[in-house]
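Given next are the chains, with one letter for each unit.
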Amino acid sequence: MDIRKELLDEGVDAGLLDEVAQFRAAHPLLPEAAHRVPAPRYLYYGKEIWESAAAALLCGQHVLLAGPKATGKNVLAENLAALFGRPVWDVSMYVNVDAAALIGTDTLKDGQVVFREGPICACARLGGFGVLDEVNMAKNEALAVLHATLDHRRVIDVPGYERIGLDEAARFIGTVNYGYAGTRELNEALVSRFVVVDMPVISDENLQKLLRRSFPTLKAEWAKQLTELFRDLRVKCDSGEISTKALDLRGLLASLHLIEKGIPSGRALEMGIINKAFEPFERQLVADAVWTRVPKDATRDKLFG
């Protein structure tokens with residue numbers, strides 16, 4: 001994917017993309033981190049969001065992507081790293097992540113105690129983009145160690161070792177979803193270290209673009225039906241009829257991959273969407289919505305040209 005060309009086609013400001021190219025030229029990639037630069041499979045669609053996030057990163061800010069499920073937060077984070085040509089460190093901020101897991105810890109090597117750096121230190125040293133996934137699931141101890149890293153000091157103090165400064169190209173992108181179980185309110189000290197991008201629900205137009213780009217042979221009428229199916233599921237979620245388990249864009253794309261491989265539509269959509277609602281009554285509601293839009297017996301030849 002030529003991500004710059006794709007964004008120009010989407011109307012993203014050319015001057016902003018030129019500044020990104022200048023950023024890449026000013027911060028050459030170190031060979032040891034080259035394998036971490038992502039090659040995105042999917043493109044995030046949304047001109048204003050692209051321009052806001054890219055401008056913030058160019059200004060040296062860290063970015064917090066906040067939005068409900070299936071708004072493309074992780075896709076955008078990966079896309080941004082690819083556009084800027086930066087290596088990525090993905091850190092899942094679940095409840096058991098502590099300071100040592102982020103920064104690093106002592107370990108034995110050749111009979112000597114040495115420091116084994118964690119993902120935050122590696123990202124800082126090599127000028128990467130650190131993606132802090134579901135920041136609001138982490139416990140306070142883990143988040144506290146990031147304060148000096150994310151503010152104007154841009155340093156990491158490792159007890160017993162020297163202070164590590166952030167490379168000029170290093171940025172951190174956090175994601176938050178307040179709809180997930182186990183999440184909590186972020187403290188003000190952490191939020192103040194980010195600029196916040198409110199991630200909107202994907203529009204019907206952009207979802208059809210995503211489906212057509214991901215599956216070039218998908219027939220237009222089925223791209224429209226699947227888009228309307230996803231909208232139906234979101235409406236049911238918003239009204240409280242079903243939970244968000246079945247509102248899964250990854251699951252929809254996975255189902256299409258299965259159909260493309262020859263799995264009948266009924267089985268593929270059960271695996272990708274319907275079976276993610278584990279409660280029987282909810283699962284039936286999801287199934288009714290799915291079969292209203294897509295027949296159970298649709299074959300690969302029916303959906304793909």
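Relevant structure appears above.
Remember, it's a predicted structure, so these values are computed and weren't measured experimentally.

Engineer: Describe the packing of helix H2 (residues 14-26) against helix H3 (residues 47-58), and please don't skip the residues or the numbers.
Structural biologist: Interaxial distance between H2 and H3 falls to 10 Å at its minimum, and their mutual angle equals 35 degrees. Of the two elements, H2 crosses H3, and the hand of that crossing is left-handed. The segment H2 lies against H3, with Leu16, Glu19, Val20 and Phe23 engaging Glu51, Ala54, Ala55 and Leu58. In the contact of H2 with H3, the residues fall into 6 nonpolar, no polar and 2 charged.

Engineer: A description of the sheet that holds strand S9 (residues 194-198) should follow, citing residues and the corresponding values.
Structural biologist: In a beta sheet, neighbouring strands pair by backbone hydrogen bonds and run either parallel or antiparallel. One open sheet holds the 5 strands; their spatial order is S2-S5-S8-S1-S9, and the pairing between them is parallel. The open sheet is flanked by strand S2 (88-92) and S9, the only strands paired with a single partner. Strand after strand, the sheet turns through a mean of 20 degrees between neighbouring axes, direction not considered. Relative to S9, strand S1 (residues 62-66) runs parallel, the two sharing 5 bridges.

Engineer: Could you give me a rundown of the pattern of salt bridges, with the residues and numbers involved?
Structural biologist: What the rule picks out here adds up to 17 salt bridges. The residue Glu205 makes a salt bridge to Lys209 at a minimum N-O spacing of 4.0 Å. Residue Glu205 and its partner Lys209 are both found in helix H10 (residues 204-214); the two are separated by 4 residues, about one turn of the helix. Under the relative-accessibility criterion, Glu205 is labelled exposed at 54%. Owing to a relative accessible area of 21%, Lys209 belongs among the partly exposed residues under this scheme. For the salt bridge of Lys224 with Glu228, the shortest nitrogen-to-oxygen distance reads 2.7 Å. With Lys224 and Glu228 both in helix H11 (residues 220-238), this residue pair falls 4 residues apart, about one helical turn. Judged by relative accessible area, Lys224 falls into the partly exposed class, the value being 42%. By relative accessible area, which is 13% here, Glu228 ends up buried.

Engineer: So what's going on with the nonpolar core? Residues and values would help.
Structural biologist: One finds Trp50, Phe84, Leu218 and Val286 to be the most contacted residues of the largest nonpolar core, which totals 69 residues. Residues within four places of Leu218 in sequence aside, it is in contact with Leu211, Ala223, Leu226, Leu256, Leu303 and Phe304. Core analysis: the next-biggest nonpolar cluster, separate from the first, contains 31 residues, Trp89, Ala142, Val158 and Phe172 among them.

Engineer: An account of the layout of surface pockets is needed here, citing residue identities and associated values.
Structural biologist: Considering only enclosed or pocket space, the largest pocket measures out at about 650 Å³ in volume. Lining the largest pocket are 31 residues, with Thr71, Gly72, Lys73, Val75 and Leu249 positioned closest to its centre. Mapped onto the lining of the largest pocket, the elements with two or more residues apiece are helix H4 (73-84), H10 and helix H12 (249-260). Of the volumes computed, that of the second largest pocket is approximately 160 Å³. If you go around the second largest pocket, you meet 13 residues; those closest to its centre are Ile3, Arg4, Arg24, Ala82 and Leu83. Elements that contribute at least two residues to the lining of the second largest pocket include exactly helix H1 (3-9), H2 and H4. Counting residues per element, the lining of the second largest pocket draws most heavily on H2, at 4 residues. Across the lining of the second largest pocket, the residue classes break down as 10 nonpolar, no polar and 3 charged.

What counts and what doesn't
Residues numbered from 1 in each chain as written. Predicted model: local features only at pLDDT ≥ 70, side-chain atom pairs only at ≥ 80, totals over all residues. Heavy atoms only, no water. Axes fitted to C-alpha atoms, helices over the stretch in contact; angles between N-to-C directions. Helix = DSSP H or I, 4+ residues; strand = E, 2+ residues; numbered from the N terminus. Left-handed = near helix turned anticlockwise from the far one by under 90°. Contact = heavy atoms within 4.5 Å. Nonpolar A, V, L, I, M, F, W, Y, C, P; charged D, E, K, R; others polar. Pairing = 2+ DSSP bridges. Salt bridge = Lys/Arg side-chain N within 4 Å of Asp/Glu carboxyl O. Buried < 20%, exposed > 50% of the residue type's maximum accessible area, 1.4 Å probe, protein only. Core = buried A, V, L, I, M, F, W, Y, C linked by side-chain atoms within 4.5 Å. 1 Å grid on protein atoms, 1.4 Å probe; cavity = no way out; pocket = protein on both sides within 12 Å on 5 of 7 lines; lining within 4 Å. Points joined across faces, edges and corners; volume = space filled by probe spheres on them.

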